[in-house]
Amino acid sequence: MYLQEYEARAGKAGSGGTSPTQPQHGRRKNLDFEPLSTTALILEDRPSNLPAKSVEEAQRHRQEYDEMVAEAKKRELKEAQRKRKEMKERFKQEDSIANAMVVWNHDILRNTRRVRELWWQGLPPNVRGKVWSLAIGNELNITPELYDIFLSRAKERWRSFSETGTEADDGASLADRESSLDLIKLDISRTFPPLFIFQKGGPYHDLLHSVLGAYTCYRPDVGYVQGMSFIAAVLILNLEEADAFIAFANLLNKPCQLAFFRVDHDLMLKYFAAFEVFFEENLPRLFNHFQISNLTPDLYLIDWIFTLYSKSLPLDVACRVWDVFCRDGEEFLFRTGLGILRLYEDVLLQMDFIYSAQFLTRLPEDIDSDRLFACIATMPMLNGNKKWSQVRQSETCPKASPALSWLWA
């Protein structure tokens, strides 16, 4: 812009324009070039009621303007080079991750360290859904056509229920079916409300409703459980509709998610007991404080695990947690919980039972992902020589907390 402006002005001067020492009457009126920026005003002649510039002053202004243009060009060139470098690095990173997806899928050791570093730093949004889908897998062998079948069944159920208040007998009681339909409707309205995209009238409302409805038909033994809407919503934001359903169904079929969503009392307590082993190992002071306060892990872990942190953490931070969770499995969910406790350890040590429980169920909205992951990195999931899976399998079921009574009452 500066160069074009300068050349235009220089061309006018070379074609016999008015000398700086000549009278200025009518100069503005006949000027066919207007400055494109305030920087170029230094080249303008003075108003007619003021003394004209001397030749020396005009030359000095021209030199100053040339220097400003040159400096501006340097800045623009430097900024363009910086952007090109960033884009090049971004494309390189995305290509590396795209090529590494097969590596992760088949557990090939080549480039493992580099791949792990990339996953830990967070996947680029434009490949995140594809990586998640491959990492979650499709052990259930669900196809898009199968999704369409169960979606049609769900729509038929909704239509039948809205028209007659009854449905064809599918093995579930009318009260259960009505409760499930009502709960889906209610939960969708409470899913990421600040985004205003999943609520009624929003662009993703019907899509989320379809995925959840199809799942209740696909897995009537599980049905709809509060919290599922957040998991489905995160997948919908990163995948196409059928792919989101396939990932959703397979994800909820993992042992940890199935234990929680089927409200398997004994298995859930084993998960909580295993978590406490690593809690005491890594954060003994906070663990003892919670023990004295009688704050049991189910009081905060239930919400975290049911929604895979998508409700408790900012969406961008939750997606980064999902990145590593898809790679490392259920262990990382509980490792993330320890990371959160480590991040806010000093604050929690000053709180009693009520304030701690409230704080952990409503985490600060300004949580920094880098600080959180730095804390997670300091939480090794080792108890002596035992890894997470070994500890979980060896733990006996402790006595249930009163807070869990609502789950299997």
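You'll find the structure just up there.
Values in this document were obtained by computation on a predicted structure and should not be read as measured data.

A short note on the overall build of the chain
When helices and strands are counted, the chain shows 20 helices and 2 strands. The buried share of the chain, taken over its 409 residues, is 45%. Contacts in the chain between residues at least 24 apart in sequence constitute 71% of all its contacts with a sequence separation of at least 6.

Digging into the layout of surface pockets
Taken as a whole, the largest pocket encloses approximately 1100 Å³ of empty space. What lines the largest pocket is a set of 30 residues, among which Phe230, Asp303, Lys311, Ser312 and Thr361 lie closest to the centre. Mapped by element, the contributors of at least two residues to the lining of the largest pocket are helix H13 (298–306) and helix H20 (405–408). Take the lining of the largest pocket: its biggest share by element is 5 residues, from H13. Along the lines of polarity and charge, the residues of the lining of the largest pocket split into 17 nonpolar, 6 polar and 7 charged.

What to know about the environment of Glu330
Relative to the assigned elements, Glu330 resides in helix H15 (residues 330–343). The class of Glu330 is buried, set by a relative accessible area of 15%. Sequence separation of Glu330 and Leu308 is 22 residues, and the distance between their C-alpha atoms is 9.9 Å. Not counting chain neighbours up to four residues away, the residues in contact with Glu330 comprise Pro255, Cys256, Tyr271, Phe325, Trp388 and Arg392. A polar atom in the side chain of Glu330 sits 3.0 Å from the side chain of Arg392.

Topic: helix H12 (residues 284–293)
Burial in H12 covers these residues: Leu286, Phe287, His289, Phe290 and Ser293. Along the axis of H12, the buried positions cluster into a sector of 160°, meaning they face one direction only. Every exposed residue of H12 that faces more than 90 degrees away from the buried side is listed here: Arg285 and Ile292. Buried residues along H12 sit against helix H11 (265–282), H13, H15, helix H16 (345–348) and helix H17 (353–361). Just beyond H12, the residue with positive phi is Asn294, at close to 65°.

Regarding the packing of aromatic side chains
Scanning all chains against the criterion turns up 28 aromatic pairs. For the ring pair Trp120 and Phe373, a centre distance of 5.2 Å and an interplane angle of 80° mean the geometry is edge-to-face. Of this pair, Trp120 sits in helix H3 (residues 112–121) while Phe373 is found in helix H18 (residues 369–377), placing the two residues 253 residues apart along the sequence. Taking the relative accessible area as the measure of exposure, Phe373 reaches 1% and is therefore buried. Seen in terms of ring centroids, Phe150 and Tyr218 are 5.3 Å apart; in terms of plane orientation they differ by 80°. Their pairing is edge-to-face.

Remarks on the packing of helix H7 (residues 205–218) against helix H9 (residues 241–251)
The interhelical angle for the contact between H7 and H9, taken along N-to-C directions, is 45°, at an axis separation of 10 Å. As summarised for this structure, H7 and H9 are arranged oblique, according to the angle between their axes. Handedness of the H7/H9 crossing: right-handed. Here H7 contributes Leu207, Ser210, Val211, Leu212, Ala214, Tyr215 and Tyr218 to the contact with H9, which in turn contributes Glu241, Phe245, Phe248 and Ala249. Here the residues of the contact of H7 with H9 sort into 9 nonpolar, 1 polar and 1 charged.

The rules behind these values
- Residues numbered from 1 in each chain as written.
- Predicted model: local features only at pLDDT ≥ 70, side-chain atom pairs only at ≥ 80, totals over all residues.
- Heavy atoms only, no water.
- Helix = DSSP H or I, 4+ residues; strand = E, 2+ residues; numbered from the N terminus.
- Buried < 20%, exposed > 50% of the residue type's maximum accessible area, 1.4 Å probe, protein only.
- Contact = heavy atoms within 4.5 Å.
- 1 Å grid on protein atoms, 1.4 Å probe; cavity = no way out; pocket = protein on both sides within 12 Å on 5 of 7 lines; lining within 4 Å.
- Points joined across faces, edges and corners; volume = space filled by probe spheres on them.
- Nonpolar A, V, L, I, M, F, W, Y, C, P; charged D, E, K, R; others polar.
- Polar contact = N/O pair within 3.5 Å; in protein donor to acceptor, adjacent residues only side chain to side chain.
- Arc of directions from axis to C-beta.
- Phe/Tyr/Trp six-rings, centres within 6.5 Å; stacked < 30°, edge-to-face > 60°.
- Axes fitted to C-alpha atoms, helices over the stretch in contact; angles between N-to-C directions.
- Parallel < 35°, antiparallel > 145°, perpendicular 65-115°, else oblique.
- Left-handed = near helix turned anticlockwise from the far one by under 90°.

None of this, on its own, says anything about what the molecule does.
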